[in-house]
Amino acid sequence: MDPVYKYQDITVLIQGPIGEHSRALKQDQIENYSKYGPVVVSSWTGFNANISLIDSCNVKYVMSHLPHRTRAHCLQDSTFYWAICSMYYGLKNIETKYVVKTRSDECFSELEPFIEPFLLDDKKMVCGNIFVQKFDKQQFHIGDHVFVAKTKTLFEAVS
C-alpha cells in the first residue's frame, strides 16, 4: 500500500552531511517530513556517520562522493559547492513536481508556511528570510536553509 501524503506533488529533500549534528535525520523528524511527501536524503560517502539511518519505504538515500572544492569561481574554504552538489544529486532522484529543500543540520516542525504560499503561485520560490531587517540591495538573496520550488526549475539552476 502506498503511503498517504498531505501533498501529492511534493518531495522533501534533506541535503548535507550525515553525522551527530544531523538533526533532520532523527526518527521523529523523518516521520514529520514524511507526512508531507516522500523524503530524499542527499549526502556524501567517505566520512564517519555516527547516526543510524531510518529504514523506511518513503525515504531514499542518495550517497555520492564528496566533491573536491578546488573548482573555479568557488571560495576554497566554503562548503557551498558541496551543498550545490548534494542538491543536484538529490534532485536527480525526485519524481514529484515540487520540492521542499532543507538541510541535514536543522529541522522545521511545520512546512505549511512555505508550501501554502508557494502553491498559490508556483512560478515563484518561497524561502526563509536570511535577514532580520530589510536590505534593499539584497532583495533577491535567498535563504538556503529551507525553500520550496518547482523541481525542474531548481534542477536546472544547479545543473
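Everything in this summary refers to the structure shown in the same document. (Residues numbered from 1 in each chain as written. Predicted model: local features only at pLDDT ≥ 70, side-chain atom pairs only at ≥ 80, totals over all residues. Heavy atoms only, no water.)

Quick notes on the packing of helix α2 (residues 80-91) against helix α4 (residues 151-158)
Packed helices, taken two at a time, are described by the angle between their axes plus the distance between the axes.
And then number 1: Relative orientation of the contacting elements α2 and α4 amounts to 135°, with a least axis distance of 9 Å. Classified by the interaxial angle, the pair formed by α2 and α4 is oblique. Considering how the two elements wind past one another, α2 and α4 form a crossing that is left-handed. Contacts between α2 and α4 involve Ile84, Met87, Tyr88 and Leu91 from the first element and Thr151, Leu154, Phe155 and Val158 from the second.
And then number 2: Classifying every residue of the contact of α2 with α4 gives seven nonpolar, one polar and no charged. (Axes fitted to C-alpha atoms, helices over the stretch in contact; angles between N-to-C directions. Helix = DSSP H or I, 4+ residues; strand = E, 2+ residues; numbered from the N terminus. Parallel < 35°, antiparallel > 145°, perpendicular 65-115°, else oblique. Left-handed = near helix turned anticlockwise from the far one by under 90°. Contact = heavy atoms within 4.5 Å. Nonpolar A, V, L, I, M, F, W, Y, C, P; charged D, E, K, R; others polar.)

What to know about α4
Residues spaced three or four apart along an α-helix point in a common direction, a consequence of the helix completing one turn every 3.6 residues.
And then number 1: Residues Thr151, Leu154 and Val158 constitute the buried set of α4. Taken around the axis of α4, the buried residues stretch over an arc of 70°, which confines them to a single face. What points out from α4, more than 90 degrees from its buried face, is the exposed set Lys152 and Ala157.
And then number 2: For α4, the secondary structure elements touched by its buried residues are α2, β4 (98-103) and β6 (146-150). (Buried < 20%, exposed > 50% of the residue type's maximum accessible area, 1.4 Å probe, protein only. Arc of directions from axis to C-beta.)

What about the pattern of salt bridges?
And then number 1: Counted under the stated rule, the structure contains six salt bridges.
And then number 2: The closest approach of N and O atoms between Asp105 and Arg103, which form a salt bridge, is 2.8 Å.
And then number 3: Lys152 is the partner of Glu156 in a salt bridge, and the nearest nitrogen-oxygen pair spans 3.6 Å. Separated by four residues within a single helix, Glu156 and Lys152 lie in helix α4, roughly one turn from each other. (Salt bridge = Lys/Arg side-chain N within 4 Å of Asp/Glu carboxyl O.)

Concerning the side chain of Thr151
And then number 1: As for its placement among the helices and strands, Thr151 is situated in helix α4.
And then number 2: A polar atom in the side chain of Thr151 sits 3.4 Å from the backbone oxygen of Tyr98.
And then number 3: With residues up to four places along the chain from it excluded, the contact list for Thr151 reads Leu91, Ile94, Thr96, Lys97, Tyr98 and Val99. (Polar contact = N/O pair within 3.5 Å; in protein donor to acceptor, adjacent residues only side chain to side chain.)

Structural notes on the nonpolar core
And then number 1: Core analysis: the biggest nonpolar cluster contains 22 residues, and Ile14, Val39 and Leu111 have the highest contact counts within it.
And then number 2: At the level of elements, β1 (10-15), α1 (27-34), β2 (39-45), β4, α3 (112-120) and β6 are the ones that each hand at least two residues to this core.
And then number 3: Discounting residues that sit within four places of it in the chain, Ile14 has contacts with Ala24, Leu25, Ile30, Tyr33, Val39, Val40, Val41, Ser42, Thr102, Arg103 and Ser104.
And then number 4: Grouped together as the second largest cluster of nonpolar side chains are 10 residues, Val40, Val62, Leu91 and Phe147 included. (Core = buried A, V, L, I, M, F, W, Y, C linked by side-chain atoms within 4.5 Å.)

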